[in-house]
Amino acid sequence: MDAMGTDLACATVTIENDTIVAVDPGGRAPPDSGADVREIDGSGHLLMPGLVNAHFHSSVNHLKGSLDSLPLELFMLYESPSEGRPMTPRAAYVRTLLAAMEMLKSGVTAVLDDAFFVPAPSPALIDAVMQAYADCGIRAVLALDQPEVPELAKLPFLAELLPAELRARAAAPPAMDAGALLECYQHLLGTWHGQAGGRLRAAVSCSAPQRVTPAYFRALDDLSRRHGLPFYVHVLETKLQRVFGEERLGGRSLIRYVFDEGLLNERMNIIHGIWLDDDDMDMIAAAGAVIAHNPISNLRLGSGVMPFRKLRARGIPLCLGTDEAIADDAVNMWAVAKLAGLIHNISVKDYREWPTAAEVLDCLIGGGARAMRHPTPIGCVAPGQQADLILVDLDTLAFTPLNDLRRQLIYCESGSSVRMTLVAGRIVYENGKLTQLDEPALRAEARQLFTRARTEAGREGAAAGDADAARWLPYYRQMYLKAADRDVGMQRFVGDGR
Ligand SMILES: [Zn+2]
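Residues numbered from 1 in each chain as written. Predicted model: local features only at pLDDT ≥ 70, side-chain atom pairs only at ≥ 80, totals over all residues. Heavy atoms only, no water.

1. Let's talk about the environment of Glu247
- For Glu247, the location among the structural elements is in helix α10 (residues 239–248).
- Those residues in contact with Glu247 that sit more than four places away from it in its chain are Pro156, Phe157 and Arg486.
- Within the structure, Glu247 has its side chain in polar contact with the side chain of Arg486 (distance 2.6 Å). (Helix = DSSP H or I, 4+ residues; strand = E, 2+ residues; numbered from the N terminus. Contact = heavy atoms within 4.5 Å. Polar contact = N/O pair within 3.5 Å; in protein donor to acceptor, adjacent residues only side chain to side chain.)

See the structure below:
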């Protein structure tokens with residue numbers, strides 16, 4: 001798995017500090033005795049680059065399994081409940097580690113975290129999230145996903161559907177304005193960008209084009225350009241977002257809007273990209289942007305099926321992500337890769353256009369590396385590359401008998417064959433144990449922090465949040481159905497949608 005897709009039956013890989021310095025087919029002489037070297041015998045194992053979770057929100061790691069499936073716009077009522085007791089830094093730290101531990105144990109070496117904070121970020125919360133990534137040993141690229149326009153500005157039809165009292169609440173500005181958010185970015189950049197030997201980095205995020213003012217959008221793009229940061233942006237995840245363009249942008253799609261603002265470029269990490277038309281895809285290809293594909297989240301929220309082949313045929317780089325832990329509750333990139341390899345088979349008639357396992361692996365690793373915009377090479381087993389590597393045990397049922405390595409990685413492996421995870425040359429997971437953390441203690445603390453129903457105050461807070469969401473729900477449902485019933489000139493659902 002170098003840049004040429006080479007497989008070596010046997011090799012010795014030498015790592016110095018955080019970098020691969022040699023890959024010798026067949027092996028090489030052991031280093032001089034006395035040198036500070038650890039030799040790892042990988043016989044019977046596959047050494048491959050670590051997986052990249054290229055779209056993730058750590059913010060709701062503690063809410064896995066807490067909701068039945070709902071469309072995105074209704075789901076978000078519960079994802080950011082208005083009762084929102086502010087999260088303490090310790091809780092944010094533990095919450096971040098919950099998924100980071102799951103990722104490292106299944107061979108994910110890097111995560112692009114688009115973290116949102118309810119009601120708003122703070123330096124202490126940013127520090128908590130980044131300290132968690134620093135401590136567990138994963139590579140992380142963090143952005144702050146905070147809208148800064150009122151709810152009414154983000155959604156079509158809502159203003160006419162809501163009764164007066166809810167409309168007034170939906171017209172209120174969010175907790176933090178653009179100036180304060182940019183100060184949070186200064187803290188993130190100044191305190192964390194490039195720390196832990198370059199393992200921790202910043203990105204920027206506007207959440208979605210319709211969730212921010214053009215001025216804030218431009219300010220974020222400016223930060224991204226000056227520091228070379230990825231720019232996370234959710235675009236055309238749902239049909240309702242397609243209808244938003246028809247209703248609120250003079251018939252333009254959200255991609256056309258971003259293009260018209262002069263903000264579509266190669267730093268952009270476009271998340272989802274399901275309801276794109278051919279013109280949108282051409283603009284994305286010309287700009288050189290990458291698209292983050294989250295097939296499990298897209299099924300969990302009924303968003304639709306991304307046009308995989310049309311994007312690949314235009315040369316648009318694709319990476320894969322889990323999205324958040326209540327939209328892909330398992331945070332398992334192997335499951336994401338398997339679904340990416342399967343879901344497109346029911347949306348395209350011509351079977352010759354269906355994804356191959358090798359293509360999905362390319363999205364999983366090469367696409368993820370591309371999305372990170374990492375300053376040093378990453379994503380291959382080759383000299384000069386960052387040593388983000390995993391050892392996969394081939395003496396497991398997933399690989400017995402070994403018929404085709406790439407297909408069995410995509411269609412058979414669940415993550416349970418991963419025996420070792422190295423990030424930047426450091427072993428962070430080995431023989432079933434995370435080496436940098438006390439996982440059982442953290443699980444116990446998470447149970448104590450997040451099992452809200454155990455305390456009377458927690459029960460009341462949750463009930464109040466649910467009751468408030470229930471008040472909004474009928475109006476959001478009407479909004480959703482209005483958009484769902486419209487002909488937008490394309491179909492991204494399988495079947496006729498009835
Ligand atoms: Zn997302």
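2. Topic: the pairing of strand β14 (residues 418–423)
- Within β14, 5 of the 6 residues are buried, which leaves it mostly tucked inside the rest of the structure.
- With 4 bridges joining them, strand β13 (residues 389–393) and β14 adopt antiparallel strand pairing. Across the sheet, residue Leu391 finds its bridge partner in β14, namely Met420.
- Where β14 meets strand β15 (residues 426–430), 4 bridges bridge the pair, whose relative direction is antiparallel. In the sheet register, Leu422 faces β15, and the bridge partner there is Ile427.
- Linkage of β14 to β15, two consecutive antiparallel strands, is achieved through a turn of 2 residues, within which Ala424 is found at a positive phi near 50 degrees. (Buried < 20%, exposed > 50% of the residue type's maximum accessible area, 1.4 Å probe, protein only. Pairing = 2+ DSSP bridges.)

3. Focus: empty space enclosed by the protein
- One pass over the structure, following the stated rule, counts 3 cavities of 30 Å³ or more.
- Roughly 100 Å³ of internal volume is contained in the largest cavity.
- For the lining of the largest cavity, the secondary-structure elements that each account for two or more residues are α1 (72–79), α10 and α19 (456–484).
- The element that contributes the greatest number of residues to the lining of the largest cavity is α19, accounting for 3 residues.
- Tallied by class, the residues present in the lining of the largest cavity amount to 8 nonpolar, 3 polar and 2 charged.
- A volume near 50 Å³ is recorded for the second largest cavity.
- Taken together, Pro49, Gly50, Val52, Thr109, Ala110, Ile365, Met372, Ile378, Gly379 and Asp388 make up the lining of the second largest cavity.
- Broken down by secondary-structure element, the contributors of at least two residues to the lining of the second largest cavity are β5 (108–115) and α16 (357–372).
- Each residue belonging to the lining of the second largest cavity can be placed in one class, and the counts come to 6 nonpolar, 3 polar and 1 charged. (1 Å grid on protein atoms, 1.4 Å probe; cavity = no way out; pocket = protein on both sides within 12 Å on 5 of 7 lines; lining within 4 Å. Points joined across faces, edges and corners; volume = space filled by probe spheres on them. Nonpolar A, V, L, I, M, F, W, Y, C, P; charged D, E, K, R; others polar.)

4. Quick word on the side chain of Glu148
- Its location among the elements puts Glu148 in the loop between β6 (139–144) and α4 (151–154).
- The buried charged residue Glu148 lacks any salt bridge partner; its closest oppositely charged side chain belongs to Lys154, at an N-O distance of 9.9 Å.
- Polar contacts involving the side chain of Glu148 include one to the main-chain amide nitrogen of Thr213, which spans 2.4 Å.
- Aside from chain neighbours lying at most four places away, what touches Glu148 is Pro174, Met176, Ala178, Leu181, Arg211, Val212, Thr213 and Tyr216. (Lys, Arg positive; Asp, Glu negative; His and termini not counted. Salt bridge = Lys/Arg side-chain N within 4 Å of Asp/Glu carboxyl O.)

5. A look at the nonpolar core
- If you look at the biggest cluster of nonpolar residues, it comprises 149 residues, and the most contacted ones within it are Tyr133 and Ile270.
- Top element by residues in this core is helix α2 (residues 89–105). It accounts for 11 residues.
- With residues up to four places along the chain from it excluded, the contact list for Tyr133 reads Phe56, Ser58, Thr96, Ala100, Val111, Asp113, Ile138, Ala140, Arg199 and Leu200.
- Counting residues in hydrophobic clusters, the runner-up holds 9 residues, among them Leu63, Phe116, Leu301 and Ile326. (Core = buried A, V, L, I, M, F, W, Y, C linked by side-chain atoms within 4.5 Å.)

6. Details of the coordination of the zinc ion
- Coordination of the zinc ion by the protein comes from His55 (NE2), His57 (NE2), His234 (NE2) and Asp323 (OD), over a distance range of 2.0 to 2.5 Å.
- Geometry at the zinc ion is irregular, judged from the 4 donor atoms that bind it and their angles of 87 to 173 degrees at the metal.
- Between consecutive donor residues of the zinc ion, the sequence gaps follow H-x1-H-x176-H-x88-D. Of this pair, His57 sits in the loop between β4 (51–56) and α1 while His234 sits in strand β9 (residues 231–235), placing them 177 residues apart in sequence.
- For His234, a relative accessible area of 4% gives the class buried. (Donors = N, O, S within 2.8 Å, 3.2 Å for Na, K, Ca; no water. Tetrahedral: all angles 85-135°; square planar, octahedral: opposite > 155°, others 65-115°.)

7. Describing the pairing of strand β2 (residues 19–25)
- Pairing geometry for strand β1 (residues 11–16) and β2, over 6 bridges, is antiparallel. When the bridges of β2 are listed, Glu16 appears paired with Thr19.
- In this structure, the hairpin formed by β1 and β2 is closed by a connection of 2 residues, where Asn17 is found at a positive phi of approximately 55 degrees.

8. Concerning the packing of aromatic side chains
- Enumeration according to the criterion identifies 4 aromatic pairs in this entry.
- Plain terms: the ring middles of Trp472 and Tyr476 are 6.2 Å apart, the flat faces sit at 80 degrees to each other, and that makes the pair edge-to-face. With Trp472 and Tyr476 both in helix α19, this residue pair falls 4 residues apart, about one helical turn.
- Look at Trp472 and you get buried, because its relative accessible area is 8%.
- For Tyr476, a relative accessible area of 2% translates into the label buried.
- Taking the ring centre of Phe157 as reference, the NZ or CZ of Lys482 above it sits at 4.7 Å. (Phe/Tyr/Trp six-rings, centres within 6.5 Å; stacked < 30°, edge-to-face > 60°. Lys NZ or Arg CZ within 6 Å of the ring centre and 35° of its normal.)

9. A word on the side chain of Asn265
- Secondary-structure assignment places Asn265 in the loop between α11 (254–260) and β10 (268–272).
- Judged by relative accessible area, Asn265 falls into the buried class, the value being 10%.
- Once you skip the residues sitting within four places of it in the chain, Asn265 turns out to touch Asp221, Ala287 and Ala289.

10. What about the packing of α2 against helix α3 (residues 123–136)?
- Orientation of α2 relative to α3, taken along the N-to-C sense of each, is 35 degrees, at an axis distance of 8 Å. The crossing of α2 and α3 is right-handed. Listed contacts from α3 to Pro89, Ala92, Tyr93, Thr96, Leu97, Ala100 and Leu104 of α2 are Ala124, Leu125, Ala128, Val129, Gln131, Ala132, Tyr133, Asp135 and Cys136.
- Taken together, the residues of the contact of α2 with α3 break down into 13 nonpolar, 2 polar and 1 charged. (Axes fitted to C-alpha atoms, helices over the stretch in contact; angles between N-to-C directions. Left-handed = near helix turned anticlockwise from the far one by under 90°.)

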